[in-house]
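Summary of the model geometry
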Amino acid sequence: TYESAAAFVRLHYFDQISPLAGFVPYAPIIRESADTARSSAAGTWSIPDLIAVRYVDLPLAGVGLTEVHAFEVKPGRSLALPAAYEAAAQTRGAHFGTVIAHTGSACDEPMHLREVIEACEHFGLGLCLIWGSVSGAPLQGDLLRRPKRRDPEPEAVEAALEILLTAADQKHLLEWRRRGAR
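Described in the following lines is the structure provided in the data block. (Residues numbered from 1 in each chain as written. Predicted model: local features only at pLDDT ≥ 70, side-chain atom pairs only at ≥ 80, totals over all residues. Heavy atoms only, no water.)

1. A closer look at the side chain of Arg145
As a reminder, the rule being used: The helix count covers DSSP runs of H or I at least four residues long, the strand count covers runs of E at least two residues long, and both are numbered beginning at the N terminus. For the exposure calls, accessible area comes from a 1.4 Å probe over protein chains only, and a residue counts as buried if that area is under 20% of its type's maximum, exposed if over 50%, partly exposed in between. Charged residues are defined here as Lys and Arg on the positive side and Asp and Glu on the negative side; His and the ends of the chain fall outside this count. We define a salt bridge as a contact between a side-chain nitrogen of Lys or Arg and a carboxyl oxygen of Asp or Glu at a distance within 4 Å. Under this definition, polar contacts are N or O atom pairs within 3.5 Å; protein pairs additionally need one hydrogen-donor-capable and one acceptor-capable atom, and for neighbouring residues in sequence, both atoms have to be side-chain atoms.
Assignment of secondary structure puts Arg145 in strand 6 (residues 140–145). Among buried charged residues, Arg145 stands out as having no salt bridge; its nearest opposite-charge side chain is Glu121, 4.5 Å away. A distance of 3.0 Å separates the side chain of Arg145 from the backbone oxygen of Leu125, its partner in a polar contact.

Below, the structure is given as structure tokens:
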């Protein structure tokens with residue numbers, strides 16, 4: 001499920017949520033956060049399942065933006081209201097939060113979908129249904145709800161990136177910023 005969700009984010013997610021897609025010169029860093037996060041920071045609902053970090057260069061505006069996207073991933077059959085609460089709790093240091101439910105096919109609608117949509121609307125979270133797999137049927141998905149941009153404190157973003165990114169990913173992000181600042 002995580003592998004398929006990460007592939008969906010890499011292949012389709014940013015095209016669906018961002019009008020800035022043409023200005024992103026660097027591929028996003030996408031990680032299964034639970035594997036990366038230091039165990040001392042782990043706890044109930046503290047670490048998203050996946051994160052994506054991208055650097056957006058807006059040369060005409062003279063601005064470079066770092067965007068942090070947090071994802072809570074659930075198998076479609078276990079998608080329920082707590083998924084939205086969990087995703088909301090994990091977005092302290094993120095600009096966007098999204099729940100991804102991996103269903104069996106485009107026709108499989110999770111039982112609690114309506115209440116999850118309402119909770120996602122309440123918290124400003126995105127909601128995606130994906131189906132297919134990396135190795136089998138072609139991976140596809142629907143963005144049912146676009147996430148709202150949050151404005152977390154810079155210190156919260158920095159703390160999240162220190163915990164959720166590997167040292168190599170942190171170095172990679174710093175390189176993006178240096179190249180974009182030229």
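2. Some remarks on helix 5 (residues 154–164)
Definition in use: Arc definition: directions from the helix axis to the C-beta atoms.
Of all the positions in helix 5, only Val157, Ala160, Leu161 and Leu164 are classed as buried. Projection of helix 5 onto a plane perpendicular to its axis shows the buried side chains occupying an angular sector of 95 degrees, all on one side.

3. Focus: the pattern of salt bridges
For the structure shown, the criterion picks out 4 salt bridges. Note that Glu67 and Arg149 form a salt bridge whose closest N and O atoms lie 3.6 Å from each other. Of this pair, Glu67 sits in strand 3 (residues 63–75) while Arg149 sits in the loop between strand 6 and helix 5, and the two are 82 residues apart along the sequence. Exposure remark for Glu67: the relative accessible area of 4% places this residue in the buried category. The partly exposed category is assigned to Arg149, whose relative accessible area is 43%. For the salt bridge of Glu86 with Lys74, the shortest nitrogen-to-oxygen distance reads 3.4 Å. Of this pair, Glu86 sits in helix 3 (residues 81–89) while Lys74 is found in strand 3, placing the two residues 12 residues apart along the sequence. In this pair, the class of Glu86 matches that of Lys74, namely buried.

Function-wise, these values are silent; they only describe arrangement.
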